[in-house]
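# Observations on chain architecture
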2 protein chains.
Amino acid sequence: MPESAVIHTDALVIGAGPVGLFEVFQLGLQGIHTHVVDVLDQAGGQCIALYPDKPIYDIPGLPYSTGRELTQRLLEQIAPFKPEFHFNQQVGQVNRQADGRWLVATPVQQFLTRALFIAAGVGAFVPKELKVDGLAAFTGMQLWYRLNPPDLLKGQQVVVVGGEDAAVEYAIALAANESQRAQRVTLLHRRDVLLASPAALAQLAELRASGRIRFVAGQVTGIQTRADRLSGVVINTPDDQSLTLALDALLVCQGISPKLGPIAQWGLAMERKQLSVDPASFATNAPGIYAVGDINTYPGKKKLILCGFHEATLAAFAAASYLNPQASGVLQYTTSSALLQQRLGVQ
Amino acid sequence: MPESAVIHTDALVIGAGPVGLFEVFQLGLQGIHTHVVDVLDQAGGQCIALYPDKPIYDIPGLPYSTGRELTQRLLEQIAPFKPEFHFNQQVGQVNRQADGRWLVATPVQQFLTRALFIAAGVGAFVPKELKVDGLAAFTGMQLWYRLNPPDLLKGQQVVVVGGEDAAVEYAIALAANESQRAQRVTLLHRRDVLLASPAALAQLAELRASGRIRFVAGQVTGIQTRADRLSGVVINTPDDQSLTLALDALLVCQGISPKLGPIAQWGLAMERKQLSVDPASFATNAPGIYAVGDINTYPGKKKLILCGFHEATLAAFAAASYLNPQASGVLQYTTSSALLQQRLGVQ
């Protein structure tokens, strides 16, 4: 579903992790409306993707929170500024226009922005690839890493690869939900030990017992094609046998891992895979582009969320005067400023 | 009550405001135990002294808190590190010793510290002086700005100057509490409009009705002395009359205001009354002395609590390697580090 029109904005944030979210907050205090792009399907970045339920003890004033709680708190905090989120999109291209604006493109959307904030953390969280000769050519046709829309594979013979929550849940969804039921569902993992919630495992056991899901232990070693179509995967079983599983579609759910991705091709000054910034403004070497959080580097840099909050703050001040050179730049406090309280909607 | 022994420590923080408290936290994560000195009688700095009940909206992850709440949250967060607080003390002198340590002196205590963190905000919050010719000479003998110990003025004729909470509460304490009752209590304010809690005002009204407290409207314009003692204050009343109030003791409660105080004499590099620091470490030009929060300046500086949290963090990392040059300096996360969780007492 491509949104075809170009979105014009003063501020675009790449990355909806905690630092990207706080960038929205500080830009909001400056009176600047923000769009946010993230490759994941929800806000939170690493906090959601890597440790939603793990404890964080070093956010100042929060003796304890989980990644999920911190994300929820930040979403609540930025709500007054009504940011517009664009999920499931990875930014590919960033190009400077003649008028100084930046054209930022994802596979489904283009943005024309005056200021760009790269809060991309350790990179885009993208699905871990299944690396088998010849397979990549079928990506988006018969090979999938994500089930979107949910009825994408309805009526097909599907092999789901993976042994954790996502794989188990996709297999269940394909086998159990009337609206998206596949013709046949095979769950393939190197051994019959699966890591998922007790509820999901119980439902899986039922579906296996009723024959709706078949479990096969093995690892994909090759593919089988027929008339330019992917017709099956060749697997190696734990007892070292070679088998072929026929399929119409292959859904790979081996987890996600961060990839710096195309950022390195945007022509920005870098140092050891980090974007070099000026710690007075967190500006990169490109006018109007700022980098905050784990993606940047400067003398003394520590990859801590709380440092990213500071970076996002100074970047917002710098961007405010970049966007409006006439602005006073006088520091106001949320405790006492009628203007800031009006923007926060608390007056 | 002088504590006479010199306290030896690796780390001393001047200022128990939010940034000083978070310095304790970050030093604690580094395994460094901390002493904290503050001129006020409790932790919180400006958050307690200036806006304990006012809202703060821009602490990341705390959509709303008051100065008091933020202070309480930080005290809870640093509790595992058992900082030792020294309240009611203003640091006067800071002198480098031959071995590189710093001798830090307050009127009642000396510290010999290897690293010093100046988190003194806008300066020490000291009582606003009553400026009348000749009065200052009686400070600490018949002129007081604070009632400590509480029975200091027992049995005396006391004039309390001020129109807000502290003045009203001191007048009540002197008139109502058996253990510290003054012979006579006069509350002096320029007009009979007082700003205090309803409960305090009600109690004051009772004590005025029963004659235990006398209220006089007027402003001090001069003093009366007899045999080198302060015998009275000359006041000007709202109807422009001159009166003399006899007294043994004068208790002045006109609020507090920040004073940079002796910091400017410590030989540290400054710029417009702020301490100049390196934003990679928040080190001043003196080895082992760091400045964090509103007291420091560097390119891009914004006087925001959340920026101070970042500054305290990088200062703690810098100090950890200053104190222990052999330390690895590898960044660990509270979410995953067994060592940090052990220090936090959460394992």
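Since the model is a prediction, treat every value here as computed from it, not as a measurement. (Residues numbered from 1 in each chain as written. Chains lettered and ligands numbered in written order. Predicted model: local features only at pLDDT ≥ 70, side-chain atom pairs only at ≥ 80, totals over all residues. Heavy atoms only, no water.)

### Quick look at the overall build of chain A
The secondary structure content of chain A amounts to seven helices and 22 strands. Dimensions of chain A, computed from the C-alpha atoms along their principal axes, are close to 70 × 45 × 40 Å. Across the 347 residues in chain A, those meeting the buried criterion constitute 53%. Expressed as a percentage of contacts within chain A between residues at least 6 apart in sequence, the contacts between residues at least 24 apart total 62%. Carbon and sulfur atoms make up 50% of the accessible area of chain A, which amounts to about 15400 Å² in all. (Helix = DSSP H or I, 4+ residues; strand = E, 2+ residues; numbered from the N terminus. Buried < 20%, exposed > 50% of the residue type's maximum accessible area, 1.4 Å probe, protein only. Contact = heavy atoms within 4.5 Å. Areas by Shrake-Rupley, 256 points an atom, 1.4 Å probe, with all protein chains shown as cover.)

### Structural notes on the domain arrangement of chain A
In terms of domain boundaries, chain A breaks down into domain 1 (3–125 + 257–344) and domain 2 (129–254). The gap between the C-alpha centroids of domain 1 of chain A and domain 2 of chain A is 36 Å. (Domains from an automatic or database assignment.)

### A closer look at the interface of chain B and chain A
With 42 residues of chain B at the contact, the number on the chain A side is 42 residues. Counting the surface lost from both chain B and chain A, the interface buries some 3600 Å², and carbon and sulfur atoms represent 66% of this. When the buried area of chain B at its contact with chain A is split by residue, Tyr57(B), His310(B) and Thr335(B) rank highest and sum to 17% of it. For the pair chain B and chain A, the interface holds zero salt bridges. Our count for the chain B to chain A interface comes out at 16 residue pairs in polar contact (both at pLDDT 80 or more). For the side of chain B that touches chain A, the leading source of residues is helix α6 (residues 305–323) of chain B, giving seven residues. (Buried area = accessible area lost by both parts, 1.4 Å probe. Salt bridge = Lys/Arg side-chain N within 4 Å of Asp/Glu carboxyl O. Polar contact = N/O pair within 3.5 Å; in protein donor to acceptor, adjacent residues only side chain to side chain.)

### Looking at the pairing of strand β1 (residues 6–14) of chain A
In regular strands, side chains alternate between the two faces of the sheet. All names here are of chain A. Where β1 meets strand β8 (residues 110–118), eight bridges bridge the pair, whose relative direction is parallel. Note that in β8 the partner of Ile 14 across the bridge is Ile 118. As judged from the four bridges shared by β1 and strand β2 (residues 34–37), these two strands associate in the parallel manner. If you follow Val 13 over to β2, its bridge partner there is Val 36. The parallel pair β1 and β2, bridged by helix α1 (residues 18–29), forms a crossover whose chirality is right-handed. (Pairing = 2+ DSSP bridges. Right-handed = clockwise from strand over helix to strand, strands pointing away.)

### As for the pairing of strand β15 (residues 229–236) of chain A
Residues and elements named next belong to chain A. The buried count for β15 comes to six of eight residues, which makes it a mostly enclosed element. Here strand β14 (residues 219–226) runs beside β15; their pairing, made up of seven bridges, is antiparallel. Paired with Gln 219 across the two strands is Asn 236, which belongs to β15. Here β14 folds back onto β15 in antiparallel fashion, the turn holding two residues, of which Ala 227 has a positive phi close to 50°. As defined by bridge partners, β15 adjoins strand β16 (residues 242–246) across five bridges and the pair is classed as antiparallel. Bridging across to β16, Gly 232 finds its partner in Ala 246. What sits between β15 and β16 in their antiparallel hairpin is a turn of five residues, with Asp 240 showing a positive phi close to 65°.

### Section: the confidence of the model for chain A
Taken as a whole, chain A shows an average pLDDT of 94; of its residues, 99% reach a score of 70 or greater. ipTM for the predicted complex: 0.82, alongside a pTM of 0.83. (pLDDT = per-residue confidence, 0-100.)

### Description of the relation of the copies chain B and chain A
Aligned on chain A, chain B shows an RMSD of 0.1 Å; the corresponding rotation is 180° and the shift along the axis is 0.0 Å. What the rotation and shift describe, once combined, is the action of a two-fold rotation axis. Closest to the rotation axis within chain B is the C-alpha of His310(B), separated from it by 3.1 Å. Most of the interface of chain B is mirrored in chain A: 100% of its interface residues are interface residues there too. (Least-squares fit on C-alpha atoms with pLDDT ≥ 70 in both.)

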